[in-house]
Amino acid sequence: MIRSGKEVADPVGVNPVEHYLRGGVLAEMAEWLQGRWVAVAGKKGEENIFIRHMGPGRPLRVRGPEDLRRLVIRYKSVIRTIYGSVNIYSRLESDNDLENPGNIVATTPSWDIDASIDKWRFAVEAAKIIVSALEEHGVKHSVYLVWSGEGIHVHINENAFSQSLRENIHPFNAAYAVVEYILLETRHRLIELAKRSGGILKVENIMDVKRVFTAPLSLHREHDLVAVVFTPDKLDEFDIEWARPSNFKHQAYAWKQYKEGEADALAEEAVKKLGLRYKLWKGLKTRRQVVSIQSTREQGVTEAGEKPRIGRFEVMALLQAARYYLLTGDLDKAKSFGLNRAIFYAWAKYYGPSGRYGRVAASRQAKSLQEKKFVKALGEEVPVGPNGYFEMGGKEQRPEDFDRQIKAKFEALMPWAQVWRKALEYVSKFPRSVLRDPQKFYQEVYLPVRDTFVEKILLGKEEKRKSILDFIGGRKKSENDNREGSERA
């Protein structure tokens, strides 16, 4: 039995460019990526690189093998992993195409199963539970699995939804609802499996309108392993050795198999049970199931019984994100804004005009920002990067950066859904005049709880407050709301 990453990695490593330029790899990856928003990840020195645009406002795309070949060669110095979006678009010429829900022609339902190299068999068992549930709903011929490196992605071919269904239910809605519904059905079995794994296993609804996942035959971002594809009937045979780059075992084009319409009934049932409607498609990404042993904990403690270290930086990022989300409804930008403001205030504390390192550092920072693009965001001029996310220190703060730096720390304390709900409830009790003003927000919202947020708000007993859904639902369609909408960077 394989017990460590070193045992599965090729002893001499792997050359990403050589791997992607193999004939079979190049052709199959290019076909799978067609119509999807592509992303390239890798490293430049110690810096993590994540590329989603081929130029300002131009989404990265692949229309065929030659496009993919040029992409690999263009980014040969940094390329490691290639991703594709959950959505398939009819047009990918500009960022405007990504914002148009009518431009999405299909969406791939996907479950993300995370484990670890030494406990990969738990990922297989979790995949069996999901596959079994899908089969009970009649989805048998359109399911394929991709070994993600430390787990498995379970996908349904997007064509399992008929064209007539997609005309009545938005493709993203249908995919999201199916994933959420199956996770709700299998939740208890998956939690028991997570407990047996020692808390390593986590199964998540990864559906988000801008989400990407590992492309078939891509290399993992860290391990020398290939994202091999196989069908559910091979789950009992699968071995992590199949993913070895030098001699990987892969069911070529298995992701193309489907039976049109076999997922229609499941989608209709899921949408009906979850109460989703077409017009709510943007809101779906705000509530997603994450099934893990952590999600069953009622107390905010780690397995060792110790509270994780959460400081002022994390509290600032969380509350700023909650503030931005309440006023705009944009979750991705809220995460970017939250992390950006936390970095900004941390910088100002040490390098601002009244900070520890004085005016020289502030002058240098001001000079470096002269040519940046700025937007007005909640009363502050904030620089933005080429992908539209807020920027600080020459680097965009992306939603995934927030998840890694902020969300992960809070998740060690309690399920993220609880953290986010409590943060929203706390921030929502302040009037909009306070939330719109950065100074008032700092003084009245952040400052009183910066050192006590975890104890008082997250772990303490709070008085019953107005539901955040009531808060959002009660927003008036006024000129003020229109102005707030224009602040969504």
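No experiment lies behind these values; they were computed from the predicted model shown. (Residues numbered from 1 in each chain as written. Predicted model: local features only at pLDDT ≥ 70, side-chain atom pairs only at ≥ 80, totals over all residues. Heavy atoms only, no water.)

Visitor: Go over the overall build of the protein chain, please, and point to the residues and values.
Guide: Per the secondary structure count, the protein chain includes 19 helices and 17 strands. Put simply, the protein chain has 489 residues, and 55% of those count as buried. A separation threshold of at least 6 residues defines the contact pool for the protein chain, and within that pool the share at least 24 residues apart is 73%. (Helix = DSSP H or I, 4+ residues; strand = E, 2+ residues; numbered from the N terminus. Buried < 20%, exposed > 50% of the residue type's maximum accessible area, 1.4 Å probe, protein only. Contact = heavy atoms within 4.5 Å.)

Visitor: Lay out the confidence of the model for the protein chain with the relevant residues and their values.
Guide: Summary statistics for the protein chain give a mean pLDDT of 81 and a share of 79% for residues scoring 70 or more. Predicted confidence for residues 1-12 stays below pLDDT 50, and this span has 27 contacts to residues more than four positions away or in other chains. In this model residues 350-371 is a low-confidence stretch, pLDDT under 50, and it forms 23 contacts with partners more than four residues away in sequence or in other chains. (pLDDT = per-residue confidence, 0-100.)

Visitor: Provide a residue-level description of the pairing of strand β9 (residues 151-156), including the pertinent values.
Guide: With 6 of 6 residues buried, β9 is to be regarded as a mostly interior element. Here β9 shows no split at all, with G151, H153 and H155 on one side and I152, V154 and I156 on the other all buried. Where strand β8 (residues 143-147) lies against β9, 5 bridges are found, and the strand directions are antiparallel. Pairing of V146 across the sheet is with H153, part of β9. The turn joining β8 and β9, which pair antiparallel and follow one another in sequence, is formed by 3 residues; a positive phi near 125° is taken by G149. (Pairing = 2+ DSSP bridges.)

Visitor: Talk me through the nonpolar core; I want residue IDs and the actual numbers.
Guide: In terms of nonpolar packing, the biggest core is built from 92 residues, with L68, W111 and W147 touching the most fellow members. With 13 residues, helix α8 (residues 171-196) is the largest single contributor of residues to this core. Judged by nonpolar contacts, the second largest core, of 47 residues, contains A317, V419, Y426 and V449. (Core = buried A, V, L, I, M, F, W, Y, C linked by side-chain atoms within 4.5 Å.)

Visitor: If you had to explain the packing of helix α10 (residues 312-328) against helix α13 (residues 399-411) to someone new, which residues and values would you point to?
Guide: For the pair α10 and α13, the least separation of the axes is 10 Å and the interaxial angle reads 105°. One way to sum up the angle between α10 and α13 is to call them roughly perpendicular. Contacts between α10 and α13 pair F313, E314, V315, A317, L318 and A321 from the former with F402, Q405, I406, K409 and F410 from the latter. Of the residues that constitute the contact of α10 with α13, the class distribution is 8 nonpolar, 1 polar and 2 charged. (Axes fitted to C-alpha atoms, helices over the stretch in contact; angles between N-to-C directions. Parallel < 35°, antiparallel > 145°, perpendicular 65-115°, else oblique. Nonpolar A, V, L, I, M, F, W, Y, C, P; charged D, E, K, R; others polar.)

Visitor: So what's going on with the pairing of β8? Residues and values would help.
Guide: Most of β8 sits out of view: 5 of its 5 residues are buried. Because side chains alternate across β8, one face comprises the buried residues V143, L145 and W147, and the other comprises Y144 and V146, equally buried. Across 2 bridges, β8 lies against strand β12 (residues 229-230) in antiparallel orientation. For L145, the partnering residue across the bridge sits in β12 and is F230.

Visitor: For the pattern of salt bridges, give the residues involved together with the corresponding values.
Guide: In this structure the tally under the stated criterion is 24 salt bridges. Note that D97 is salt-bridged to R91, the shortest N-O span being 3.1 Å. What makes R91 partly exposed here is its relative accessible area of 46%. For D451, the salt bridge identified is with R450, shortest N-O distance 3.9 Å. The exposure class assigned to R450 is partly exposed, which follows from its relative accessible area of 23%. In this structure, a network of salt bridges that share partners links the residues R398, E400, D401 and R404. (Salt bridge = Lys/Arg side-chain N within 4 Å of Asp/Glu carboxyl O.)

Visitor: Hey, could you go over α8 for me, with residue numbers and the actual values?
Guide: Helix length check: α8 (26 residues) gives 36 Å between terminal C-alpha atoms against 38 Å at 1.5 Å per residue, within 8%. At R187, α8 shows its strongest bend, of approximately 60°. Count one or two residues on from α8 and you reach G198, which has phi positive near 80°. (Expected span 1.5 Å × (residues − 1). Bend = angle between axes of the 7 residues up to and from the residue.)

Visitor: I'd love a proper account of the packing of aromatic side chains, names of residues and values included.
Guide: Scanning the model with the defined rule gives 21 aromatic pairs in all. Arranged with centres 5.8 Å apart and planes meeting at 75°, the rings of Y324 and F390 form a pair that is edge-to-face. Residue Y324 is located in helix α10, and its partner F390 is located in the loop between β15 (380-384) and β16 (391-392); the two are separated by 66 residues in the primary sequence. Among the aromatic residues, ring-to-ring pairing joins W120, W147, F230, F238 and W242 into one connected group. (Phe/Tyr/Trp six-rings, centres within 6.5 Å; stacked < 30°, edge-to-face > 60°.)

Visitor: Provide a residue-level description of the environment of P171, including the pertinent values.
Guide: With respect to the helices, strands and loops of the structure, P171 is situated in helix α8. Sequence separation between P171 and F161 is 10 residues; the distance between their C-alpha atoms is 8.1 Å. If we skip the residues at most four places from it in the chain, P171 touches I104, V105, A106, T107 and R166.

Visitor: Just give me the short version of the environment of D97, but keep the residues and values in it.
Guide: Tracing the backbone shows D97 in helix α5 (residues 95-99). Leaving out residues up to four positions away in the same chain, D97 has contacts with Y89, R91, L92 and N103.

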